[in-house]
Amino acid sequence: MKSIISVVIPSLNEEVYLPILLEDLENQKEKSFEVIVVDAKSDDQTKLKALSFSKKLNLTFIESPQRNLSFQRNLGAKHAQGDYLFFLDSDSRINLNAIKRIKEYIEKEKKYIYLLHPIPSKKNFINALHFAILTKAVTVFDKLGKAFALGPAIVIEKNFFESINGFDEKAYVSEDQNLVIKARRKGIRAMLMPDVDYEYSMRRFENENWFILMGKYSFFTFITLFRGAVYTDLIKYKMGGEKYKAKKINSTHINPLISVVIPAYNEEKLIGKCVQAAMNQTFPHKYEVLVIDNNSSDNTAQIALSLGATVVPFIEKQGFAPTKQFGVYQSKADIIAFTDADSVVDKYWLENVYSVLQDPELMCVGGTILPLGKNLFLYFIFKSYDIFAKINQLFGKSLIWGPNMAIR
């Protein structure tokens, strides 16, 4: 069946942000859409992390010969099968009803162009005021006969997009603004969807001087409104996510309840079963699986990524304990569940962990470990340890297996 919407996402060194957006798309209530990631030959793990979603999404990965946003978006549009193109930047986010609401607008309004309502990723008074003014500007400029866009989140009918020659690949910045201006010149007005939000990343504002950057944006907007595009690189505006990796990601979305932390070093033979078991839990709430790759020289990272885990490199120090500790620092959850790369957890593992930790007085929980295979001697040894642990518990001493434990 033909997808009514094709989501086109350009990327360059976005191993941190792109998987978060793809997870948002994976969780959409409406499923009839495709995703096209157009990557400008990233130097990091962007490609691997994008392809790890290929079993969860109708996803096409394209390598672009140029590092140019407009070129990448146009290239994605050429491969799109949908009736409408939905352009998003890789550091954006959308809520789980976004695609559903967009489709409802398309079916009801039958317009050629729609704009999503932006909300800043970082909440404060200045950002809220800034975005309120931007939203109001859409209406004001429309009444003045001018087109005004609210950033990269644009939905446009594919045939019409092609008729106006897509994004201007010579434009240095404001190519999204230029697109709606070209449409307006053809008599087509963009419609704002006030109840369809997308999260606009404020990472540039967090890394640069707010007032200087705002001056740049104002300058770009002024030129675009009166000339149609910005073709000069007089004010530098670098593409790509590599400079933002060290920053903590701010998000208005709900964090996972549990982070599964798996330290790994050259575990390509066993990591697949481990990650598969961790990913296929019956736990009904949001959780994440973090594989902390401690300088592996084999395919550990690639296998874990292909199965949907988030792989975080840890290169500073070699060792089991520091790798686990680093995993804790990477977690977004209140509960950390640990297992080892050569272990296979039960499918009810996280559900049971969460249930036990509903007792507010409990800080940590551990469970039984059994050997893989049918070695009766090993089975006896492992069960004996369990009995020993239970006896110790009677005397107020806790003995917990490392590969089967969780802690607040």
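The rules behind each value
Residues numbered from 1 in each chain as written. Predicted model: local features only at pLDDT ≥ 70, side-chain atom pairs only at ≥ 80, totals over all residues. Heavy atoms only, no water. Helix = DSSP H or I, 4+ residues; strand = E, 2+ residues; numbered from the N terminus. Buried < 20%, exposed > 50% of the residue type's maximum accessible area, 1.4 Å probe, protein only. Lys, Arg positive; Asp, Glu negative; His and termini not counted. Salt bridge = Lys/Arg side-chain N within 4 Å of Asp/Glu carboxyl O. Contact = heavy atoms within 4.5 Å. Pairing = 2+ DSSP bridges. Axes fitted to C-alpha atoms, helices over the stretch in contact; angles between N-to-C directions. Core = buried A, V, L, I, M, F, W, Y, C linked by side-chain atoms within 4.5 Å. Phe/Tyr/Trp six-rings, centres within 6.5 Å; stacked < 30°, edge-to-face > 60°. Lys NZ or Arg CZ within 6 Å of the ring centre and 35° of its normal. Patch = residues over 30% accessible without salt bridge, like charges linked within 9 Å, V, L, I, M, F, W, Y side chains within 5 Å. Areas by Shrake-Rupley, 256 points an atom, 1.4 Å probe, with all protein chains shown as cover. Arc of directions from axis to C-beta.

Colleague: Would you mind showing me how to read the side chain of Glu 267 here?
Modeller: Mapping Glu 267 onto the fold places it in the loop between strand S9 (258-264) and helix H10 (271-279). Despite its burial, Glu 267 pairs with no opposite charge, the nearest such side chain being Lys 269 at 9.5 Å. Once residues lying within four places of it in the same chain are set aside, the contact partners of Glu 267 are Asp 298, Thr 300, Ala 341 and Asp 342.

Colleague: I'm lost on the sheet that holds strand S14 (residues 405-407) in this one. Help?
Modeller: Note: strands within a sheet are paired through backbone hydrogen bonds, in either parallel or antiparallel orientation. Pairing in this open sheet of 6 strands is mixed, and the strands run S11-S10-S9-S12-S14-S13 from one edge to the other. Each edge of the sheet is formed by a strand with only one pairing partner; in this case those strands are strand S11 (310-313) and strand S13 (364-366). With strand direction ignored, the average angle separating the axes of adjacent strands in the sheet is 25°. The sheet contact formed by S13 and S14 spans 3 bridges and is antiparallel.

Colleague: Got a minute to help me understand the pairing of strand S8 (residues 191-200) in this structure?
Modeller: Within a regular beta strand, the side chains point alternately toward one face of the sheet and then the other, so they alternate between its two faces. Alignment of strand S5 (residues 93-94) against S8, held across 2 bridges, turns out to be antiparallel. The residue bridging Arg 93 from the neighbouring strand is Glu 199, located in S8. Judged from the 7 bridges that link them, strand S6 (residues 113-120) and S8 form a sheet pairing that is parallel. Counted as the bridge partner of His 117 is Asp 197 from S8.

Colleague: What should I look at first to understand the nonpolar core in this one?
Modeller: Generally speaking, a soluble globular protein has its nonpolar side chains buried in company with each other. Core analysis: the biggest nonpolar cluster contains 35 residues, and Ile 5, Val 7, Leu 22, Leu 25, Val 35, Phe 86 and Leu 116 have the highest contact counts within it. Those elements that provide at least two residues to this core are strand S1 (5-11), helix H1 (18-26), strand S2 (33-39), strand S3 (59-63), strand S4 (84-87), helix H4 (98-109), S6 and S8. With 5 residues, the single largest contributor to this core is H4. Sequence-distant contacts of Val 7, defined by excluding residues within four places in its chain, comprise Leu 25, Phe 33, Glu 34, Val 35, Ile 36, Phe 86, Leu 88 and Ile 99. Counting residues in hydrophobic clusters, the runner-up holds 28 residues, among them Cys 274, Phe 283, Tyr 287 and Ile 335.

Colleague: Where do I start with the pattern of salt bridges in this structure?
Modeller: Pairing is possible between side chains that carry opposite charge, provided their charged atoms lie close to one another. For the structure on display, the rule yields 11 salt bridges. Where Lys 103 meets Glu 30, a salt bridge forms, and the shortest distance between an N and an O atom there is 3.4 Å. Note that Lys 103 is positioned in helix H4 and Glu 30 in the loop between H1 and S2, a separation of 73 residues in sequence.

Colleague: How should I be thinking about the environment of Lys 158 in this particular structure?
Modeller: Examined against the element boundaries, Lys 158 turns out to sit in helix H6 (residues 158-163). Note: C-alpha distance between Lys 158 and Tyr 112 (46 residues apart in sequence) is 8.7 Å.

Colleague: Could you clarify how one ought to interpret the packing of aromatic side chains in this entry?
Modeller: Summed over all chains, the structure comprises 8 aromatic pairs. Centre to centre, the rings of Tyr 84 and Tyr 114 are 6.3 Å apart; their planes meet at 50°, and the pair counts as tilted. Remark: Tyr 114 occurs in strand S6 and Tyr 84 occurs in strand S4; sequence separation between them is 30 residues. There is no split in this pair, since Tyr 84 and Tyr 114 are both buried. By way of ring pairs, the aromatic residues Phe 87, Phe 161 and Phe 167 are connected into one cluster. Above the ring of Phe 53, the side-chain terminus of Lys 56 is found at 4.7 Å from the ring centroid.

Colleague: What should I look at first to understand a nonpolar patch on the surface in this one?
Modeller: Residues Phe 125, Ile 126, Leu 129 and Ile 133 make up a contiguous nonpolar surface patch of roughly 440 Å² in combined accessible area. Locating Leu 129 in the fold gives a position in helix H5 (residues 125-143).

Colleague: What is the right way to look at helix H13 (residues 349-356) in this model?
Modeller: One turn of an α-helix holds 3.6 residues; hence residues three or four places apart share an orientation. Looking only at H13, the buried set comprises Trp 349, Leu 350 and Val 353. Each buried residue of H13 sits inside an arc of 90° when the element is viewed along its axis, so together they form one side. On its buried side, H13 packs onto S9, strand S10 (287-293), strand S12 (335-338), S13 and S14.

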